[in-house]
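An overview of the molecular structure
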Amino acid sequence: MTADPTTPTIALHGLTKRYGVGDAEHTVLDNIDLTIEKGEFIAIMGPSGCGKTTLLNILGLLDRADEGIYKLDGKSVKSLSGGRHSRIRSEQIGFVFQNFNLIPRMNVIENVALPLTYSGYRHTKRLQLARASHVIMEELSDIHKRGNTIIMVTHNPSLTTYASRVITMNDGRIDTDTKVPREAKKIADDKRPLSASTKKPAKKAKKPKKAPKKKTAKKSEDK
């Protein structure tokens with residue numbers, strides 16, 4: 001059954017997350033309401049400790065909320081098992097981690113290629129795809145242009161030029177939620193340098209034509 005295209009990719013209602021117990025209890029996410037439509041590029045900003053990473057972990061099914069509702073493609077994730085969460089992460093959600101989460105016994109290329117294992121790629125193909133990776137932001141932008149939803153946590157304001165919507169958080173709550181007008185985003189896109197994959201090769205300078213060699217007339221010798 002095909003999902004309703006008007007159904008939000010993510011819908012949060014009263015999402016709350018706490019750590020600690022008793023006097024040491026700390027509310028990291030405080031009654032968050034948030035709707036993310038299909039195909040949006042969301043940039044989430046805010047000071048350290050404001051809850052943005054915890055929010056991203058819950059959205060990615062790496063953590064669970066203590067209270068509230070989280071619907072992914074219109075379906076609540078609350079009653080899903082850990083195995084079902086893993087399957088959704090494998091098939092529907094991709095991650096780019098800030099702290100890499102590398103496996104020590106593998107080299108860099110093997111670590112990058114590892115997630116492709118769960119999609120059924122053979123070893124050689126996984127390594128080829130890992131080596132072919134481009135600059136990460138240009139890749140995310142390209143993925144977004146193909147209709148995918150992107151949610152990015154960043155401290156760098158310049159990266160918000162890629163986003164169609166910018167959310168700032170403070171003390172576990174959403175402080176501002178601003179949609180970037182299409183005109184402004186187009187101007188930002190036009191100002192960004194082209195990636196290595198989209199740059200046109202420089203035209204080679206034409207070599208000056210060599211002057212034709214002068215023919216030397218040979219005198220015929222009288223026999």
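Our structure's up above, just so we're on the same page.
Attention in this report is confined to the structure presented alongside it. Everything numeric in this text was worked out from a predicted model, so none of it was measured. (Residues numbered from 1 in each chain as written. Predicted model: local features only at pLDDT ≥ 70, side-chain atom pairs only at ≥ 80, totals over all residues. Heavy atoms only, no water.)

A few words on the overall build of the chain. For the chain, the helix and strand inventory stands at six helices and eight strands. Ordered by position in the sequence, the α and β elements of the chain form the string β-β-β-α-β-β-α-α-α-α-β-β-β-α. Relative to its 223 residues, the chain shows a buried fraction of 27%. Considering only contacts in the chain between residues 6 or more positions apart, those separated by 24 or more positions represent 63%. Carbon and sulfur atoms form 54% of the exposed surface of the chain, whose accessible area is close to 16,600 Å². (Helix = DSSP H or I, 4+ residues; strand = E, 2+ residues; numbered from the N terminus. Buried < 20%, exposed > 50% of the residue type's maximum accessible area, 1.4 Å probe, protein only. Contact = heavy atoms within 4.5 Å. Areas by Shrake-Rupley, 256 points an atom, 1.4 Å probe, with all protein chains shown as cover.)

On to unusual backbone geometry. Positive phi outside glycine occurs at Asp73, with the angle close to 55 degrees. Its place among the elements puts Asp73 in the loop between strand 4 (67–72) and strand 5 (75–76).

Within the fold, Gly172 resides in the loop between strand 7 (165–170) and strand 8 (173–179). Given a relative accessible area of 0%, Gly172 falls into the buried group. With 141 residues separating them in the primary sequence, Gly172 and Asn31 have C-alpha atoms 8.3 Å apart. Among residues more than four places away in sequence, those in contact with Gly172 are Val28, Leu29, Asp30, Ile32 and Cys50.

Let us now look at the pattern of salt bridges. Taken as a whole, this structure holds nine salt bridges when the rule is applied. A salt bridge links Arg173 to Asp30; the nearest nitrogen and oxygen atoms lie 2.9 Å apart. Of this pair, Arg173 sits in strand 8 while Asp30 sits in strand 2 (residues 26–36), and the two are 143 residues apart along the sequence. Accessibility expressed as a relative area gives 25% for Asp30, which makes it partly exposed. Glu40 serves as the salt-bridge partner of Arg165, at 2.9 Å between the closest nitrogen and oxygen. In this pair, Arg165 sits in strand 7 while Glu40 sits in the loop between strand 2 and strand 3 (41–45), placing the two residues 125 residues apart along the sequence. In this pair, the class of Arg165 matches that of Glu40, namely buried. Residues joined in a network through salt bridges with shared partners are Arg18, Glu25 and Glu67. (Salt bridge = Lys/Arg side-chain N within 4 Å of Asp/Glu carboxyl O.)

Functional significance is not addressed by these values, which are geometric in nature.
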